[in-house]
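# Fold and geometry: a report
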Amino acid sequence: MKLSGKTLAEIIGGFLFIIVLIGGGAAAWFWNAFNTGGPLRDETVLVIPKGSGVNAIADLLAKEGVIQNPLVFKLGVKFFAKEQPLHAGEFKFPPAASPRGAMQVLIEGKSVLHRITLAEGWTVREVFDVLQASPLLEGPLPPPPAEGTLLPETYFFVRGDSRGALVERMKGNMSETLARLWAKRDPKVDLESPLQAVILASIVEKETGLKDERARVAAVFHNRLKKGMSLQSDPTVIYAVTLGKAPLGRDLTYADLKLDSPYNTYVVAGLPPSPIANPGEAALKAVLHPKATKELYFVADGTGGHAFAETMDGHLKNVAKWRKLQKQNKQAN
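Quick summary incoming for the structure in this document. Given the structure is predicted, the values throughout are model-derived calculations rather than measurements.

Procedures and definitions
Residues numbered from 1 in each chain as written. Predicted model: local features only at pLDDT ≥ 70, side-chain atom pairs only at ≥ 80, totals over all residues. Heavy atoms only, no water. Helix = DSSP H or I, 4+ residues; strand = E, 2+ residues; numbered from the N terminus. Rg over C-alpha atoms; globule rule 2.2 N^0.38 Å. Buried < 20%, exposed > 50% of the residue type's maximum accessible area, 1.4 Å probe, protein only. Contact = heavy atoms within 4.5 Å. Areas by Shrake-Rupley, 256 points an atom, 1.4 Å probe, with all protein chains shown as cover. Lys, Arg positive; Asp, Glu negative; His and termini not counted. Charge placed at Lys NZ, Arg CZ, Asp CG, Glu CD. Phe/Tyr/Trp six-rings, centres within 6.5 Å; stacked < 30°, edge-to-face > 60°. Lys NZ or Arg CZ within 6 Å of the ring centre and 35° of its normal. Pairing = 2+ DSSP bridges. Core = buried A, V, L, I, M, F, W, Y, C linked by side-chain atoms within 4.5 Å. Axes fitted to C-alpha atoms, helices over the stretch in contact; angles between N-to-C directions. Parallel < 35°, antiparallel > 145°, perpendicular 65-115°, else oblique. Left-handed = near helix turned anticlockwise from the far one by under 90°. Nonpolar A, V, L, I, M, F, W, Y, C, P; charged D, E, K, R; others polar.

In this section: the overall build of the protein. Summing up its helical and strand segments, the protein has 12 helices and 8 strands in all. Taking 2.2 N^0.38 as the reference for a compact globule, 333 residues should give roughly 20 Å; the C-alpha atoms of the protein span a radius of gyration of 33 Å, well beyond that estimate. Projected onto the principal axes, the alpha-carbon positions of the protein cover approximately 125 × 50 × 35 Å. Burial status across the protein gives 37% buried among its 333 residues. Sequence separation of 24 or more characterises 62% of the internal contacts of the protein that already satisfy a separation of 6 or more. Accessible area of the protein: about 19000 Å², with a carbon and sulfur share of 56%. Averaging the coordinates of the 40 positive side-chain charges in the protein and doing the same for the 33 negative ones gives two points 3 Å apart.

Moving on, we get to unusual backbone geometry. Even without being glycine, Glu83 reaches a positive phi, approximately 65°. Counting through the fold element by element, Glu83 comes out in the loop between α3 (70–80) and β4 (89–93). On the accessibility criterion, Glu83 (83% relative accessible area) is exposed. Positive phi values are uncommon outside glycine, yet Ala96 reaches one of about 60°.

Bringing the packing of aromatic side chains into the picture now. Here the structure, examined in full by the defined rule, presents 8 aromatic pairs. Seen in terms of ring centroids, Phe298 and Phe308 are 5.7 Å apart; in terms of plane orientation they differ by 40°. Their pairing is tilted. Of the two residues, Phe298 is situated in strand β7 (residues 297–300) and Phe308 in strand β8 (residues 306–309); the sequence distance between them amounts to 10 residues. In terms of burial, Phe298 and Phe308 fall into one category: buried. Each member of the aromatic cluster is reached from another via a ring pair, and the members are Phe30, Trp31, Phe34, Phe79 and Phe80. The residue whose ring lies beneath Arg100 is Phe80, and the NZ or CZ to ring-centre distance is 4.9 Å. Note that Arg185 overlies the ring of Trp182, its terminal NZ or CZ placed 3.8 Å from the centroid.

Turning our eyes to something else, we now look at the pairing of strand β6 (residues 154–158). Along β6, the buried face is formed by Tyr155 and Phe157; none of Thr154, Phe156 and Val158, which line the opposite face, is buried. Two elements, strand β5 (residues 113–117) and β6, share 5 bridges in a ladder whose sense is antiparallel. Looking at the pairing, Leu113 lines up with Val158 of β6.

In terms of nonpolar packing, the biggest core is built from 43 residues, with Leu131, Met170, Phe221 and Val287 touching the most fellow members. Mapped by element, the contributors of at least two residues to this core are α5 (124–133), β6, α6 (163–183), α7 (194–207), α8 (214–226), α9 (234–242) and α11 (281–288). When residues in this core are grouped by element, the largest group, 7 residues, is from α6. Sequence-distant contacts of Leu131, that is, excluding residues within four places in its chain, are made with Ile116, Leu137, Leu141, Arg163, Leu166, Val167 and Met170. Within the second largest apolar cluster, 22 residues are counted, among which are Ile48, Ala58, Val66 and Ala102.

The packing of two helices is summarised by the inter-axis angle and the distance between the axes. In contact at an axis separation of 10 Å, α6 and α11 are set at 25° when each is read in the N-to-C sense. The orientation of α6 with respect to α11, classified from their angle, is roughly parallel. The handedness of the crossing between α6 and α11 comes out as right-handed. Between α6, through Met174, Thr177, Leu178, Arg180, Leu181 and Trp182, and α11, the contact on the second element is made entirely by Glu281, Leu284, Lys285 and Leu288. For the contact of α6 with α11, the class distribution of residues is 6 nonpolar, 1 polar and 3 charged.

This is the structure we're talking about:
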């Protein structure tokens, strides 16, 4: 049978050929659109909310200018994600990211890392204030742990991490660090327990921020303890007054030095009953490996460091120099 000079088979074949051409063209267009760089000019950070489906993610990426065509992204995920889920979280999308590249970012799920640095010598209260103020962390803070149980360092986290989990990391890091350093301590160090090491390290931490001085300051305190002398550390008096709840906000007075408190090392011999701050690893190393000296005294020298002495006479001379310098500074101001 012929229709207008052509068989039915020829007509059907022609239609199929046209369909194949159209389908092939569509496939080629899709392949090109899915793999071609997108409109994004600069690296962009986006937050993909929890529970977002592919449609919502595609719309968000298009709205923020990461991709141009949400349909291309959705089809690409359907055909090429291979049942790998798209993660929620905070992600970086590179400039000119293709829909395939954007999909891969969400499949890999490498969330943006944020950092929070806890300074050496902060009290638990100061640490908790910083954690509470961070808008990137979620959840309530746990009950405050004992002073000296949080290791100061830089911590990395992702948006939405819980404050409680971060506190547990800080506690775990302190326990691990202390155990490691205690096992390698100088056998000549006369400390009865790791807790005593943390107590003394917290005092050293508050006395000096200079790297080269820590072991020397630690040696002074070790020498005083061996001789049965009181430590006479001003930071312990400050802690006796504030209990670490707030900065003192003023100079110490003679009345403060007489305060009846187990933390006041001017009136109580030996170490305080617990740490006065959270010492860092360097301070812990210093008290477990103090410098070999006979020095018993130190006082500020006006340069940010301290002048050390073995005798009271030498110490009084250093104190006189410090007071003269203070007087000169006041007159200059």
